[in-house]
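Fold and contact review
Residue strings, one per chain:
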Amino acid sequence: MAGRDLGVNGGVNGGVNGGVNGADDVVSGTGTGTVGGDDRRARTAGAVRVGPGVFVRLKLRLVAGGLRGSGTRLAGFVFSVIAAVVVAGFGFFLLAALRAAPADTARDVATVLFTMQLIGWAVVPLLAFGLDDTLDPSRLALFPLRTGQLATGMFAASITGVWPLATLVAAFGAVAGLAPGAGGAVVGAVAVLLQFALCIVLSRLITTALSGVLRTRRGRDVLAVSAIFVVLAAQLPNLLVNGGLAADPLAMLGGVASALRWTPSGMAAHAVADGGPAALAELAVLAVLVLVIGRLWTAALRRALVTADASTEASAVRSSRGILARVLPDGPLAAVATKELKYARRDPRGRVGWFAAIVVTGVMAFTMNGDGRAVPSLAVLAIGPACIGALMIALQSINLFGIDGRSLWMNSVAYGSARDWRTDIAGRHLAVATIAVPLLTVLAVVAALLAGELPWAVPAALTAWGVLGTGLGVGALTSVLIPYTVPERLNAFTGAAPGQGGVAFAASFGGLIAGGVLSLPIVLPVLLASPWFCVLAVPYGLLVSWGGRRLAGALAFGRYPEILAATSRAN
């Protein structure tokens, strides 16, 4: 796409290569300073006036270029459009229906929903960092534009898309549901627009200020882990109900709305609902706040454009043999186990999975113990969370070779038999067990303490170890039969390469079901008969794990080309 396609032929010698999703030359020039085609000639050979429309057309071209030639991405885009339309319609009618509710309740609901909208705009772009190329200011650093022009253009690009339009349409439902009369509707419309502008500039400020950090490995750690908290937030109502904190939902809603009254979102909601001079004063405050945050964003953008990329700077590398390398004799087993432990310690893709398993298990344990009437016995309270944690951890091993990616081809040089593949899988399982066994022990103790029966920690730990071995055996087979690529740049919305989402879901769901079914012979006797059956759990888990490795080694030796192709997809 040449500069003429966007209506810009710049006043610089040469051009700037956009290089994203088929956008070749975004700004090109010969020093003539022509702007907007042949009908408008440059007054001087120098500065070029680029308006927000150029960035809007650029984003639309980027979106269209990314969809061209990819049926999977096109299907995902169509699904996203449909979902946005549904959210916009549902949100609009939900807020419009507040007209039938009491005035105080309607105002409280609007306050909470406006606050959730603002928080969503602040958080979701961070989770999508790396997916939307317009979010990273470093990609615009070579544009021959002033910071003010970039800020204006990026603002225009931010409001271009189906989801910004969907949130704006949904927010206008508050005008239909709360505004008192025609004058109130005008004030409410202005309040909604200021709320929307506040969401945009706050989102851009946070994303731009943290863009340098998010390109580093530690930044990607925080980015991926934050998605876990977003998912766990769905458990908050359940935790409140189990804890007895939501006996009166209206009272709780009123308390939350009262706390949010003088926040920007609270003022916007009250301006829509109240109208009058007080609403005008609140609109003035919102307008000033939007301008202040916009200035801060421009300053952050200016700093980001002249700051070196920390992700490309060299860092010190510590040399360490690791724990297993000191204990095990030199050989493939120790080498693979040490490598996997380093992956778990250094690679965000490894650490996020472990963190997710631990946090989800902890939340489930707290939820189960929130109301003792919801479970049949103390054995379930003590052993259930530990076994669930073992299954969650075992799920991290359903795609053992995916994290290696293209480097898996080196195994063909060193591995010449099924036994070599079994040794490789055994090393990976040993690394998982080195981390998982102490973690499951801690989980078992915590679950037993929450249940009020500390002696149950011993059968809980032994049973969880057996479930872990069962899950590792299943994971060895899924790694060979259903392999997929793990993206190199991890973010909140990707667990596999484009086009492999169904494969990843099948591997995860199949591994979870198979691991759960194979664990029943050791879990049910402990829960229903006697805790002494836990002594058989570890031998059973070791047997299933050994059998899974043996079958997976034989299959991997014959399916190596297919495994390499599946784990080497472009991402």
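Residues numbered from 1 in each chain as written. Predicted model: local features only at pLDDT ≥ 70, side-chain atom pairs only at ≥ 80, totals over all residues. Heavy atoms only, no water.

Topic: the overall build of the chain
Stated formally: Strands here mean DSSP runs of E at least two residues long; helices mean DSSP runs of H or I at least four residues long; both are numbered from the N terminus. Buried, partly exposed and exposed residues are distinguished by accessible area as a fraction of the type maximum, computed with a 1.4 Å probe on protein chains only: under 20%, between the cut-offs, and over 50%, respectively. Residues are treated as being in contact if the distance between any of their heavy atoms lies within 4.5 Å.
Across its full length, the chain holds 23 helices and three strands. Taking all 571 residues of the chain together, the buried fraction comes to 44%. Once local pairs closer than 6 in sequence are excluded, the contacts in the chain between residues at least 24 apart make up 78%.

Things to note about the packing of helix H7 (residues 181-209) against helix H12 (residues 264-274)
Just so we agree on the cut-off: Only C-alpha atoms enter the line fits that serve as axes; for helices the fit covers just the stretch in contact. Angles between N-to-C directions range over 0 to 180 degrees. Relative orientations are named as follows: roughly parallel for angles under 35 degrees, roughly antiparallel for angles over 145 degrees, roughly perpendicular for angles from 65 to 115 degrees, and oblique for any other angle. Left-handed describes a crossing whose near helix is turned anticlockwise from the far helix through less than a right angle; right-handed describes the clockwise counterpart. Three classes are used: nonpolar for Ala, Val, Leu, Ile, Met, Phe, Trp, Tyr, Cys and Pro, charged for Asp, Glu, Lys and Arg, and polar for all others, with Gly counted as polar.
Between H7 and H12, the shortest axis-to-axis distance is 8 Å and the interhelical angle comes to 165 degrees. Here H12 runs roughly antiparallel to H7, going by the angle between their axes. Crossing geometry of H7 relative to H12 is assigned as left-handed. Residues Val187, Gly188, Ala191, Val192, Gln195 and Leu198 of H7 touch H12, and the partners they reach there are Pro264, Ser265, Ala268, Ala271 and Val272. Its residues assigned to classes, the contact of H7 with H12 shows eight nonpolar, three polar and no charged.

Things to note about the nonpolar core
Spelled out, the test is: The criterion is simple. A nonpolar core is a set of buried Ala, Val, Leu, Ile, Met, Phe, Trp, Tyr and Cys residues joined through side-chain atoms within 4.5 Å.
In terms of nonpolar packing, the biggest core is built from 48 residues, with Leu150, Val192 and Leu283 touching the most fellow members. By residue number, the principal contributor to this core is H7, which donates 11 residues. Once residues within four sequence positions are removed from consideration, Val192 is found in contact with Phe114, Leu168, Ala171, Phe172, Val175 and Val272. Of all hydrophobic cores here, the second largest spans 26 residues; its members include Trp354, Ile393, Leu468 and Val526.

Some points on the packing of aromatic side chains
Our working rule: Stacked, tilted and edge-to-face are the three classes assigned to paired rings of Phe, Tyr and Trp, where Trp is represented by its six-membered ring and a pair needs centres within 6.5 Å; plane angles under 30 degrees give stacked, over 60 edge-to-face, the rest tilted.
Under the defined criterion, the tally for this structure stands at five aromatic pairs. Geometrically, the ring pair formed by Trp121 and Phe196 is edge-to-face, given 6.1 Å between the ring centres and 90 degrees between the ring planes. Of the two residues, Trp121 is situated in helix H4 (residues 103-127) and Phe196 in helix H7; the sequence distance between them amounts to 75 residues. Trp121 gets classed as buried once you look at its relative accessible area, which sits at 14%. Seen from their ring centres, Phe401 and Trp421 are 5.6 Å apart, and the 85 degrees between their planes marks the pair as edge-to-face. On the criterion of sequence distance, the pair formed by Phe401 in the loop between helix H17 (378-394) and helix H18 (411-414) and Trp421 in helix H19 (residues 418-451) is long-range, its members being 20 residues apart. Each member of the pair, Phe401 as well as Trp421, is classed as buried. An aromatic cluster of three or more residues is present, and its members are Phe401, Tyr415, Trp421 and Tyr560.

Things to note about a nonpolar patch on the surface
Stated formally: Residues form patches when they are more than 30% accessible in relative terms and have no salt bridge. Like charges link within 9 Å. Nonpolar side chains (Val, Leu, Ile, Met, Phe, Trp, Tyr) link within 5 Å. Accessible surface is estimated by sampling points in the Shrake-Rupley manner with a 1.4 Å probe; for residues, cover comes only from the protein chains shown. Definition used for salt bridges: Asp or Glu carboxyl oxygen within 4 Å of a side-chain nitrogen of Lys or Arg.
The grouping of Phe505, Phe509, Ile513, Val517, Leu520, Leu524 and Leu528 at the surface amounts to a nonpolar patch, some 720 Å² of accessible area in total. Within the secondary structure, Val517 is located in helix H21 (residues 501-528).

A closer look at the side chain of Ser479
The test is simple: Throughout this description, a polar contact denotes any pair of N or O atoms lying within 3.5 Å of each other; where both atoms belong to protein, one of them has to be capable of donating a hydrogen while the other can accept it, and for residues adjacent in sequence the pair is counted only when both atoms sit in side chains.
In this fold, Ser479 is placed in helix H20 (residues 457-481). A relative accessible area of 0% means that Ser479 is categorised as buried. Of note is the side chain of Ser479, whose polar atom sits 3.2 Å from the backbone oxygen of Ile398. When neighbours within four sequence positions are excluded, Ser479 is seen to be in contact with Ser397, Ile398, Asn399, Leu400 and Phe401.

Notes on the pattern of salt bridges
What the rule picks out here adds up to eight salt bridges. Salt-bridge contacts for Asp404 lead to Lys339; the nearest nitrogen and oxygen are separated by 3.5 Å. Taken together, the residues Asp404 in the loop between H17 and H18 and Lys339 in helix H15 (residues 332-346) connect sequence positions 65 residues apart. Overlapping salt bridges, with partners in common, bring together Lys339, Glu340, Asp404, Asp424 and Arg428 in one network.

Some points on the packing of H15 against H19
When two helices pack together, their arrangement is given by the angle between the helix axes and by the axis-to-axis distance. Contact pair H15 / H19: the axes reach a minimum separation of 8 Å and the direction vectors enclose 45 degrees. Taken together, the axis directions place H15 and H19 in an arrangement best described as oblique. Viewed along their axes, H15 and H19 form a crossing whose handedness is right-handed. Every residue of H19 that contacts H15 at Pro332, Leu333, Val336, Ala337, Lys339, Glu340, Leu341 and Ala344 is listed here: Thr423, Asp424, Ala426, Gly427, Arg428, Leu430, Ala431, Thr434 and Ile435. Partitioned by chemical class, the residues of the contact of H15 with H19 number 10 nonpolar, three polar and four charged.

Structural notes on the confidence of the model for the chain
Regions with low pLDDT carry predicted coordinates that are not meant to be interpreted in detail. In plain terms, the rule: Values of pLDDT, the confidence the predictor places in each residue, fall between 0 and 100.
A residue-level look at the chain finds 72% of positions with pLDDT of 70 or above and a mean pLDDT of 77. Under a pLDDT of 50 for its full length, residues 1-47 has, in the predicted model, 90 contacts with residues more than four places off or in other chains.

As for H20
So the rule is basically this: Given the number of residues in a helix, its expected span is that number minus one, multiplied by 1.5 Å.
If you check H20, its first and last C-alpha atoms are 36 Å apart, about what 25 residues at 1.5 Å a residue would give, namely 36 Å. Among the 25 residues that make up H20, 20 are buried, leaving the element largely enclosed by the rest of the structure.

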